[in-house]
Amino acid sequence: MRTLYRRLLGLMPRIGVQVTDLGPGTAVVSRRGGAYRVTGADKDTWVLRRTRDGSRPQAAEVAEGGAVRLGDTGALLLMETPGGQDERRLQLAAAEYLCTQHVAAMLELYGVNCVFDVGANNGQYARRLRKLGYTGRIVSFEPTSETFARLEKAAADDLDWQVHRCGLGREETTAEIHVGWKTMNSLLPASDYGKGRYSRFHQADTEEIRVRRLDEVMAEALDGIADPRPYLKMDTQGYDLEVFAGAGERIAEFVGMQSEVAVLKLYEGSPGMGEAVAVYEAAGFGITGMYPVTREATTGRVIEFDCVLMRADAAPTQ
């Protein structure tokens, strides 16, 4: 079945719009008085966004499926099926889009020139930053062998994207990580709640990995950057506070950070949202955005948020 993205590109010339397909998930569409960009929010959700002054397309003009305006941003969220049929998926796709846009804006505002991508998985986060225009250094950490191989391949043609096969934590050591949990591999065991939600957590395979401290890898990661302004992204399945602790006093060098914080705990021993945010705020960071990552379909409760925080005293002076 043709995706909404492909149907959209096929429809554009009929309304006088020129289409330049830039590759999977990205195209530029333009007409007199305006230009629009199509980007992926998830596998079957797309965003049509105005990129310069011009009239906005009407929802009925651009999609057979659902279309929802994202406030006054000039962007339309387009879906294969009308969003009202699946409110939860619509909300999460919109949140992911808005989170990535916000992070890109903060990286630019604060002059970030090195992003520490901890819990990189296959490199999805780094690839998204590149699509959004970030050109600085990326340093990714992924500990498991199979996933690291895919990460290494993803970064192979990007000269300013470093990859390291290790986890980060409070101390230099080796540890057993649970594998076979896809994007949810963790150094922590699954909680009873997590096991009830995800059948994958009943698998018991593990792999021995190396764990390093963040402050021990920073010198190598920042080498050659004259005025480092690093940003820390953590997505380590309940282990973010351990990664944060491993930065020691050097955490003060980071101008901003991003952490996946839990409202409902999927992992035993993981901190709750309040505990994690209190630690980050005590270190001088302030929240600039909170975006739901997962929600219960039956109750609507948020399970995890992506929390973006910046150090206000590092903001550029006007």
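Heads up: the structure comes first, above all this text.
Note that the structure is predicted; figures quoted are calculated from it, not measured.

What counts and what doesn't
- Residues numbered from 1 in each chain as written.
- Predicted model: local features only at pLDDT ≥ 70, side-chain atom pairs only at ≥ 80, totals over all residues.
- Heavy atoms only, no water.
- Helix = DSSP H or I, 4+ residues; strand = E, 2+ residues; numbered from the N terminus.
- Buried < 20%, exposed > 50% of the residue type's maximum accessible area, 1.4 Å probe, protein only.
- Contact = heavy atoms within 4.5 Å.
- Areas by Shrake-Rupley, 256 points an atom, 1.4 Å probe, with all protein chains shown as cover.
- Pairing = 2+ DSSP bridges.
- Right-handed = clockwise from strand over helix to strand, strands pointing away.
- Phe/Tyr/Trp six-rings, centres within 6.5 Å; stacked < 30°, edge-to-face > 60°.
- Lys NZ or Arg CZ within 6 Å of the ring centre and 35° of its normal.
- Core = buried A, V, L, I, M, F, W, Y, C linked by side-chain atoms within 4.5 Å.
- Axes fitted to C-alpha atoms, helices over the stretch in contact; angles between N-to-C directions.
- Arc of directions from axis to C-beta.
- Polar contact = N/O pair within 3.5 Å; in protein donor to acceptor, adjacent residues only side chain to side chain.

**Q** Honestly, the overall build of the chain in this entry has me stumped. Any pointers?
**A** A tally of regular secondary structure across the chain gives 9 helices and 16 strands. Looking at the 318 residues of the chain, the share that counts as buried comes to 50%. In the chain, 60% of the contacts between residues at least 6 apart in sequence involve partners at least 24 apart. For the chain, the exposed area adds up to about 15,200 Å²; of that, 49% sits on carbon and sulfur atoms.

**Q** In this structure, what is going on with the pairing of strand β7 (residues 114–118)? I would like to understand it.
**A** Side chains on a regular strand alternate between the two faces of the sheet. Most of β7 is tucked away, with 5 of its 5 residues classed as buried. Alternating positions in β7 separate into two faces, Cys114, Phe116 and Val118 on one and Val115 and Asp117 on the other, with burial throughout. Examined bridge by bridge, β7 and strand β8 (residues 137–141) share 5 bridges and lie parallel to one another. Within β8, the position partnered with valine 118 by the bridge is phenylalanine 141. With helix α4 (residues 124–131) bridging β7 and its parallel neighbour β8, the resulting β-α-β unit is right-handed. The pairing of β7 with strand β13 (residues 230–234) spans 5 bridges and is classified as parallel. From the neighbouring strand, valine 115 faces β13, where its bridge partner is tyrosine 231.

**Q** Is there a simple way to explain the packing of aromatic side chains in this structure?
**A** Each aromatic ring pair is specified by the distance between its two centres and by the angle formed by the two planes. Counted under the stated rule, the structure contains 8 aromatic pairs. Their ring planes at 70° and their centres at 6.3 Å tell us that phenylalanine 244 and phenylalanine 285 sit as a pair that is edge-to-face. Residue phenylalanine 244 is located in helix α8 (residues 240–245), and its partner phenylalanine 285 is located in the loop between α9 (273–282) and β15 (286–295); the two are separated by 41 residues in the primary sequence. There is no split in this pair, since phenylalanine 244 and phenylalanine 285 are both buried. Following the ring pairs from residue to residue traces out a cluster consisting of Trp181, Tyr198, Phe201 and Tyr267. The side chain of arginine 311 reaches across the aromatic face of phenylalanine 285, ending 4.2 Å from its centre.

**Q** Quick question: what am I supposed to make of the pairing of strand β16 (residues 302–310) here?
**A** The buried fraction of β16 amounts to 9 of the 9 residues, a majority that puts the element mostly inside the structure. Relative to β16, strand β14 (residues 256–262) runs antiparallel, the two sharing 7 bridges. Opposite valine 261, over in β16, you have phenylalanine 305 as the bridge partner. In terms of strand pairing, β15 meets β16 through 8 bridges, oriented antiparallel. Opposite threonine 294, over in β16, you have glutamate 304 as the bridge partner. What sits between the antiparallel neighbours β15 and β16 is a turn of 6 residues, in which glycine 300 has the positive phi angle 85°.

**Q** Quick question: what am I supposed to make of the nonpolar core here?
**A** In summary, soluble globular proteins display a tendency toward joint burial of nonpolar side chains. Among the nonpolar cores identified, the biggest contains 47 residues, and Phe116, Leu214, Leu232 and Tyr280 are the most heavily contacted of them. With 24 residues, the next largest nonpolar core counts Leu107, Ala126, Leu129 and Phe148 among its residues.

**Q** Could you clarify how one ought to interpret the sheet that holds β8 in this entry?
**A** Where strands meet in a sheet, backbone hydrogen bonds hold them as pairs that are either parallel or antiparallel. Read from one edge to the other, the open sheet built from 7 strands follows the order β9-β8-β7-β13-β14-β16-β15, with strand pairing classed as mixed. Looking at which strands have only one partner, the edges of the open sheet turn out to be β9 (161–164) and β15. Neighbouring strand axes in the sheet, compared pairwise and without regard to direction, differ in orientation by 15° on average. Pairing of β13 with β14, which is carried by 4 bridges, proceeds in the parallel orientation. Bridge pairing in β14 links tyrosine 231 to glycine 256.

**Q** How should I be thinking about the sheet that holds strand β12 (residues 206–212) in this particular structure?
**A** The 3 strands lie next to each other as β10-β12-β11, forming an open sheet whose pairing is mixed. Every interior strand has two partners, whereas the edge strands, β10 (167–168) and β11 (173–178), have only one.

**Q** I'm lost on the environment of aspartate 227 in this one. Help?
**A** Secondary-structure assignment places aspartate 227 in the loop between α7 (214–222) and β13. For aspartate 227, a relative accessible area of 52% corresponds to the exposed category. Separated by 114 residues in sequence, aspartate 227 and asparagine 113 have C-alpha atoms that sit 8.5 Å apart.

**Q** Is there a simple way to explain α4 in this structure?
**A** One full turn of an α-helix is made of 3.6 residues, so residues set three or four places apart face in the same direction. Taken residue by residue, α4 has Tyr125, Ala126 and Leu129 as its buried positions. Projected down its long axis, α4 carries its buried residues within an arc of 100°, all on one side. Those residues of α4 hidden inside the fold are in contact with α3 (87–109), β7, β8, β9, β13 and β14. Note on α4: the residue one or two positions beyond its end, glycine 133, has a positive phi of about 105°.

**Q** How should I be thinking about the side chain of threonine 100 in this particular structure?
**A** Following the sequence through the fold, threonine 100 ends up in helix α3. Of the polar contacts made by the side chain of threonine 100, one reaches the backbone oxygen of tyrosine 97; its length is 2.8 Å. In this view, threonine 100 contacts Arg128 and Leu132; residues no more than four positions away in its chain are not counted.

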